[in-house]
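Breakdown of the fold
Listed below are the residues making up each chain.
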Amino acid sequence: MASPSKDNAASKALDSLKNHHRSIDVVRIFQELITGNRAALGEAITLIESTSEKHKKPATDLLSKSLTVSGRSIRIGITGVPGVGKSTFIDAFGTYLTSIGKKVAVLAIDPSSPISKGSILGDKTRMEKLSMDKDAFIRPSATSTTLGGVARKTRESIMLCEAAGYDIIIVETVGVGQSETAVHSMTDFFLLLMLAGAGDQLQGIKRGIMEMCDGMSITKADGDNRKKAEFAKSEYTSALHLFPEKTDGWMPKVNTCSALENNGIEETWKMIQDHYHWMVSRNIFEQRRHEQDFEWMNETLKELVLDQFFQRPEKMKKLLDLKEQLLKRQITPFQAAEIILKA
């Protein structure tokens, strides 16, 4: 399949949404979506990402329909520091999965500039093999103003990808700040990618991230770096045993891999499968999915409250008045927030 047709799918979807003279046919989008039509999936995600007031109801209707056919996938969160090779790893990993009969969707999150509000959305170009695969779907999305390094509608996009029949949903984080916590709360397996020979291994990463991960892969374990990767694997395996036991009883595994030489990719998939069977056999998998839904509700509630607040002119006027008082140091930020809440 030629990649230009894939690239055109999102732009066509956006063009159709911008057309004021045509109503959005939710039934048609849904019917095409559940057949695995990638253009329909792109159109559906564009619809739910839209901030236009007129798109809210059709987006909600589409998600309600999709709920009945979603949930049957393994959701994998992948994180790691910039330069660890996340996109290269996902390209090799996703290609392996499609070779064994899986349908793979990748939601690649790009950070937005706080100044220009723009983002590069270049992950698709870095996943050359996977972007040409007929059994793969790659959707780059910008974080926009969302905190935590994930796109605002990532959870909804996961649901739509599942409705379209994708077995494996991969969420790639930007690897900064709160993104690990956010992605951990919406996935079933959280994979941490690490580099070997990049300084003090155990000081180079926050303890909290290591405690969250379900598995760890030391990337770029090829050539002269292979021995360093094996040493790092031993270090991290020992370190993980020092942490308190995870609430589900799972002990995170560590392996080495090379996307360049295609080594360790199959072992990473086996690690994820072992974790999945562990969770299912102990009735933890469904419980984790319920927790994901509850977290989704909380995040949606916060979004709706903020949206409603900033859409009311009288509230915005009050906000500007309080801003003046803050600048003159007449009140504290905490007091300002309390006044807004009481209003």
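Parameters and conventions
- Residues numbered from 1 in each chain as written.
- Predicted model: local features only at pLDDT ≥ 70, side-chain atom pairs only at ≥ 80, totals over all residues.
- Heavy atoms only, no water.
- Helix = DSSP H or I, 4+ residues; strand = E, 2+ residues; numbered from the N terminus.
- Buried < 20%, exposed > 50% of the residue type's maximum accessible area, 1.4 Å probe, protein only.
- Contact = heavy atoms within 4.5 Å.
- Areas by Shrake-Rupley, 256 points an atom, 1.4 Å probe, with all protein chains shown as cover.
- Arc of directions from axis to C-beta.
- Polar contact = N/O pair within 3.5 Å; in protein donor to acceptor, adjacent residues only side chain to side chain.
- Phe/Tyr/Trp six-rings, centres within 6.5 Å; stacked < 30°, edge-to-face > 60°.
- Lys NZ or Arg CZ within 6 Å of the ring centre and 35° of its normal.
- Pairing = 2+ DSSP bridges.
- Axes fitted to C-alpha atoms, helices over the stretch in contact; angles between N-to-C directions.
- Parallel < 35°, antiparallel > 145°, perpendicular 65-115°, else oblique.
- Left-handed = near helix turned anticlockwise from the far one by under 90°.
- Right-handed = clockwise from strand over helix to strand, strands pointing away.

A few words on the overall build of the protein. A tally of regular secondary structure across the protein gives 15 helices and seven strands. When burial is assessed residue by residue, the protein has 46% of its 343 residues classed as buried. Sequence separation of 24 or more characterises 75% of the internal contacts of the protein that already satisfy a separation of 6 or more. Accessible surface computed for the protein: about 18100 Å², of which carbon and sulfur atoms make up 57%.

With that out of the way, let us pick up helix H2 (residues 26–33). Regarding H2, the residues found buried are Val26, Ile29, Phe30 and Leu33. Projected onto a plane normal to the axis of H2, the buried residues spread over an arc of 95° and lie on a single side. Buried residues in H2 make contact with helix H3 (38–49), helix H4 (56–67) and helix H8 (154–163). A side-chain oxygen of the first residue of H2 lies 3.3 Å from the backbone nitrogen of Val27; this N-cap is Asp25.

Looking now at the packing of aromatic side chains. Scanning the model with the defined rule gives five aromatic pairs in all. Ring centres 5.1 Å apart and planes at 80° place the aromatic pair Tyr276 and Phe285 in the edge-to-face group. Residue classification places Phe285 among the buried positions, given a relative accessible area of 9%. Here the guanidinium or amino end of Lys103 rests over the ring plane of Tyr166, the centre of that ring lying 4.6 Å away.

This next bit is on the pairing of strand E5 (residues 189–194). Summarising burial for E5: six of the six residues are buried, a large majority. Taking every second residue as pointing to the same face, both faces of E5 are buried, with Phe189, Leu191 and Leu193 on one and Phe190, Leu192 and Met194 on the other. The pairing of strand E1 (residues 74–80) with E5 spans five bridges and is classified as parallel. Among the inter-strand pairings, Ile76 is bridged to a residue of E5, identified as Phe189. For E5 and strand E6 (residues 215–218), the ladder comprises four bridges, and the chain directions are parallel. Bridged to Leu193 within E6 is Ser217.

Before going further, it helps to examine the environment of Glu286. Relative to the helices and strands, Glu286 resides in helix H13 (residues 285–310). Here Glu286 falls in the partly exposed class, since its relative accessible area comes to 48%. Considered as a pair, Glu286 and Asp188 are 98 residues apart in the sequence and their alpha carbons are 9.9 Å apart.

Axis angle and axis distance: for two packed helices, these are the angle between their axes and the distance between the axes, and together they describe the pair. For the pair helix H5 (residues 86–99) and helix H12 (residues 265–281), interaxial distance at closest approach is 10 Å and the crossing angle is 75°. As summarised for this structure, H5 and H12 are arranged roughly perpendicular, according to the angle between their axes. Residues Phe89, Ala92, Phe93, Tyr96 and Leu97 of H5 lie in contact with H12, whose contacting residues are Ile265, Glu266, Thr268, Trp269 and Ile272.

Moving on: the packing of H3 against H8. Packing of H3 against H8 brings their axes to within 10 Å, and their N-to-C directions diverge by 155°. Put simply, H3 runs roughly antiparallel to H8. The way H3 lies across H8 gives a crossing that is right-handed. Two secondary-structure elements touch here, H3 through Leu41, Ala44, Ile45, Ile48 and Glu49 and H8 through Glu156, Ser157, Leu160 and Cys161.

This next bit is on H8. A large share of H8 lies buried, amounting to ten of its ten residues. Among all positions in H8, only Thr154, Arg155, Glu156, Ser157, Ile158, Met159, Leu160, Cys161, Glu162 and Ala163 are buried. A positive phi of about 95° marks Gly165, the residue just after H8.

Sheet topology places E6 next to strand E7 (residues 253–256); four bridges connect them, and they run parallel. Considered in E7, the bridge of Ile218 is made with Thr256. Regarding the hand of the β-α-β motif, the stretch spanning E6, helix H11 (residues 226–242) and E7 is right-handed.

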